[in-house]
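Structural overview for review
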Amino acid sequence: MTISHFKAILIRQSNHHFWYRFFPDIINAGDLSGEFCYRADQEQVEITHPVEHTQAQIALAGLTSKLKREIKKTGTAPEIITLIS
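Residues numbered from 1 in each chain as written. Predicted model: local features only at pLDDT ≥ 70, side-chain atom pairs only at ≥ 80, totals over all residues. Heavy atoms only, no water.

**Observations concerning the sheet that holds strand 5 (residues 80-84)**
How we decide: The pairing criterion for strands is at least two bridges between them, as found by DSSP. Runs of E in the DSSP output that reach at least two residues are strands. Runs of H or I that reach at least four are helices, and both are numbered from the N terminus. Axes here refer to lines fitted to C-alpha atoms; in helices the fit is confined to the stretch in contact. Angles between the N-to-C directions go from 0 to 180 degrees.
The strand order 4-3-2-1-5 describes an open sheet built from 5 strands, whose pairing is antiparallel. Edge positions in the sheet fall to strand 4 (44-49) and strand 5, since each has one partner strand and no second. Adjacent strand axes in the sheet meet at a mean angle of 25° when their direction is disregarded. Of the pairings in the sheet, the one linking strand 1 (residues 5-14) to strand 2 (residues 17-24) comprises 8 bridges and is antiparallel in character. Bridged to Ala8 within strand 2 is Phe22.

Here you go:
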């Protein structure tokens, strides 16, 4: 199954750390959801809840790339990030 739409939703933030829950944008994707923390001051990503899916790593790279661009452009982290590949 190829999944081409992913979302990440901001669930918590503290100083320059932003925690997101990411998941495929499909119905009943609960078991495919994961979490990551983006540390903006260090530009590092830590996967805090991994997803066992072949496209998860690619989606995570795309989502964090969009997140980095948005923070550099606006100075703030968006509440929702959408990736369509």
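**Thoughts on the confidence of the model for the chain**
Put simply, the test is: pLDDT measures how confident the predictor is about each residue, on a scale from 0 to 100.
Mean pLDDT over the chain works out to 85, with 88% of the residues at or above the 70 mark. Looking over the chain, one finds the lowest element-wise mean pLDDT in helix 1 (residues 56-74), namely 89, and the highest in strand 3 (residues 34-39), namely 93.

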